[in-house]
2 protein chains.
Amino acid sequence: INIKIATNERNCDEAVNELRRRCCDYNALGFDCEWVTDHGKRKPVALVQLSSSDGLCCLFRLSSMETIPNSLKDLLEDEKIYKVGVAANDDGKYLFQDYSVKLKSTLDVRYLAELCGLEPGGLAVLSKNLLRIVLDKSWRIRCSNWEADELTVKQKQYAAADAHVAIKIFEYLLKEYRFKSMMKDLLRLSKKLSVDDICQKYADIGFKQ
Amino acid sequence: INIKIATNERNCDEAVNELRRRCCDYNALGFDCEWVTDHGKRKPVALVQLSSSDGLCCLFRLSSMETIPNSLKDLLEDEKIYKVGVAANDDGKYLFQDYSVKLKSTLDVRYLAELCGLEPGGLAVLSKNLLRIVLDKSWRIRCSNWEADELTVKQKQYAAADAHVAIKIFEYLLKEYRFKSMMKDLLRLSKKLSVDDICQKYADIGFKQ
Ligand code: NA
Ligand code: NA
Ligand code: NA
Ligand code: NA
C-alpha cells in the first residue's frame, strides 16, 4: 500500500488524477475522514482519505489548505464513483457543514456483506473475517492531532488503513456476490435442463416442417 | 456399434433388458421400423429397431415371431422412455394397426434441431451436418425383403443405422441446447452484475443494523 499526502492544490490535483485513473475497474474508492475533537467539540474535518483497490491511498490534509481544491470537491461530488466505507454518509454531513461539499454515491460495505449472507459487523470485524487484516483501533492514534504540521508514520498508516481496507472488503464482497449469483443461477438452470423439461412438450406430437 | 438380432421371446426379453439398463442416462432410445411393400400395399411392420446412445442397437424381427413379446410391448408403451426418430409418431400408427401396440413418448429430433436454431432437415441431413455420418439411403436396401429368413449384413447395418443415428443426433442436440442455454443465462446474468446494478440501490443510504 502506497500512501500519498496532499497538502496543497497542486499535489491535490495530482493525487485526484491518479485516483481517477486507478478506480476504473470498479468506479469505487475506499473512503474515510478524520478530525480533531477539542473538549468534546468536533473541529472541521482535517483529513480525507481515498484509496483505490490496487493500493494507492491518498491523504488529503484539508487542515493544511486554505480551501478545498476543485479537483477533490469534484471527485467527492462525482456520483459515478462510489465512496465505500462504513457510515460514510455521516462523514458526508460533516463535509457539507465544513466545506459545502456534497459527498455523492457513498456506499456502506455492510450492505454488500448482508447481500452475501454475512453478519455485517463493523469495518474491523469484516476486515478480520474476510481479509485477515487486524485494524489498529487504539484510542491514542484515533484521537491524535490530525491538524499537526507533520503527520507521524503511525498516523499516516492508521488513516490510510480504513480507506484501504474498505475498498478491499468491497472488492472481496463484490466477487463473492457475483460468484454466488452465478452458482445459484447455474444450479437453477441445470434443474430446468433435464431431458423431460426439454422434451416433454414435444412428445407424441408429429413434426410439421 | 453393436447389433443384436431378436427373433423370439427369449432373446427379445434379453435385448429389452439390456436396452433398459443402457438408456438410464437420457431415458431415450433411437427408434425406427421397416416393413415390406408388396405391389404398393404395406405389409405388417417386420422390424423394430431400438438403439441406446452408448452403441447397442437391437433389431426386433416381428415377422419371425408369432406375437409381439410383452417385454417389447411394455418398452414401446413405456412413457418414461423417449423413442427418438424422425416421424416415429407415424410408425406408431402402423404398430397399433398391426400389433395393437400403443407407442408412447415418441420424440421427433427435428424439434430439438429447431430448439437449437438449426434447419431441421431430415435424418440424413442432420446426420451429415452434426455427426459427419453419411447414411446409405439407396432404394435397393430400403425396399428389400425385411421378412427374409435371414437378414443380410447390409440389411442389418442399414436398419441399425437410422435408430443409432437418431439417438446420437438427440444426444448431440441435447448437449448443444444445454450449452447454449447455459451461455445465454451466464451472459444475461453477467449483465446484471455490474457494480452499478449491485450497488446503486444502496448509494447514499445510511446503514441501520
Ligand atoms: Na470514519
Ligand atoms: Na478512520
Ligand atoms: Na422410419
Ligand atoms: Na429406416
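Residues numbered from 1 in each chain as written. Chains lettered and ligands numbered in written order. Predicted model: local features only at pLDDT ≥ 70, side-chain atom pairs only at ≥ 80, totals over all residues. Heavy atoms only, no water.

Visitor: Any chance you could explain the sheet that holds strand β2 (residues 28–34) of chain A here in plain terms?
Guide: Hydrogen bonds between backbone groups are what pair the strands of a sheet, and the pairing can be parallel or antiparallel. Residues and elements named next belong to chain A. Pairing within the open sheet is mixed, and its six strands lie in the order β1-β6-β5-β2-β7-β8. Two strands lie at the open edges of the sheet, namely β1 (2–6) and β8 (106–108), each paired on one side alone. Between one strand and the next, the sheet's axes are offset by a mean angle of 30°, whatever the strand orientation. Across five bridges, the pairing between β1 and strand β6 (residues 56–61) is parallel. The residue bridging I5 from the neighbouring strand is L59, located in β6. Of the strands in this sheet, β2, β5 (47–51), β6 and β7 (82–85) are in contact with helix α2 (residues 70–77), which crosses β5 at around 60°. Its contacts with the sheet place helix α7 (residues 153–192) against β1, β2, β5, β6, β7 and β8, and it is angled at close to 145° to β2. (Pairing = 2+ DSSP bridges. Helix = DSSP H or I, 4+ residues; strand = E, 2+ residues; numbered from the N terminus. Axes fitted to C-alpha atoms, helices over the stretch in contact; angles between N-to-C directions. Contact = heavy atoms within 4.5 Å.)

Visitor: Which parts of the structure should I look at to understand the sheet that holds strand β2 (residues 28–38) of chain B?
Guide: Residue and element names in this part refer to chain B. Taken in spatial order, the six strands line up as β1-β4-β3-β2-β5-β6 in an open sheet, and their pairing is mixed. Edge positions in the open sheet fall to β1 (2–6) and β6 (106–108), since each of these has one partner strand only. Each strand of the sheet is rotated relative to its neighbour by a mean of 35°, with strand direction disregarded. Here strand β5 (residues 82–85) runs beside β6; their pairing, made up of three bridges, is parallel. Bridged to G85 within β6 is D108. This element, helix α7 (residues 153–192), spans β1, β2, β3 (41–51), β4 (56–61), β5 and β6 of the sheet and lies at about 145° to β2.

Visitor: So what exactly am I meant to see when it comes to the interface of chain A and chain B here?
Guide: The accessible area lost on association of the parts is a frequent measure of interface size. Taken together, the contact between chain A and chain B spans 39 residues of the former and 39 residues of the latter. Three residues stand out in chain A for area buried against chain B, namely Y111, Y202 and F207 of chain A, and they jointly supply 20% of the buried area on that side. The interface formed by chain A and chain B contains zero salt bridges. Secondary structure elements with two or more residues in the side of chain A that touches chain B: β8, α4 (109–115), α7 and α8 (195–199) of chain A. In terms of residue count, α7 of chain A provides more of the side of chain A that touches chain B than any other element does, nine residues in total. (Buried area = accessible area lost by both parts, 1.4 Å probe. Salt bridge = Lys/Arg side-chain N within 4 Å of Asp/Glu carboxyl O.)

Visitor: So what exactly am I meant to see when it comes to the relation of the copies chain A and chain B here?
Guide: The two chain copies are connected by a rotation around an axis plus a translation along it. The operation relating chain A to chain B is a screw motion whose rotation component is 180°, with 0.0 Å of axial translation and a residual RMSD of 0.1 Å. Interpreted geometrically, this transformation is the action of a two-fold axis. A share of 100% of interface residues in chain A that are also interface residues in chain B marks the association as one of identical surfaces. (Least-squares fit on C-alpha atoms with pLDDT ≥ 70 in both.)

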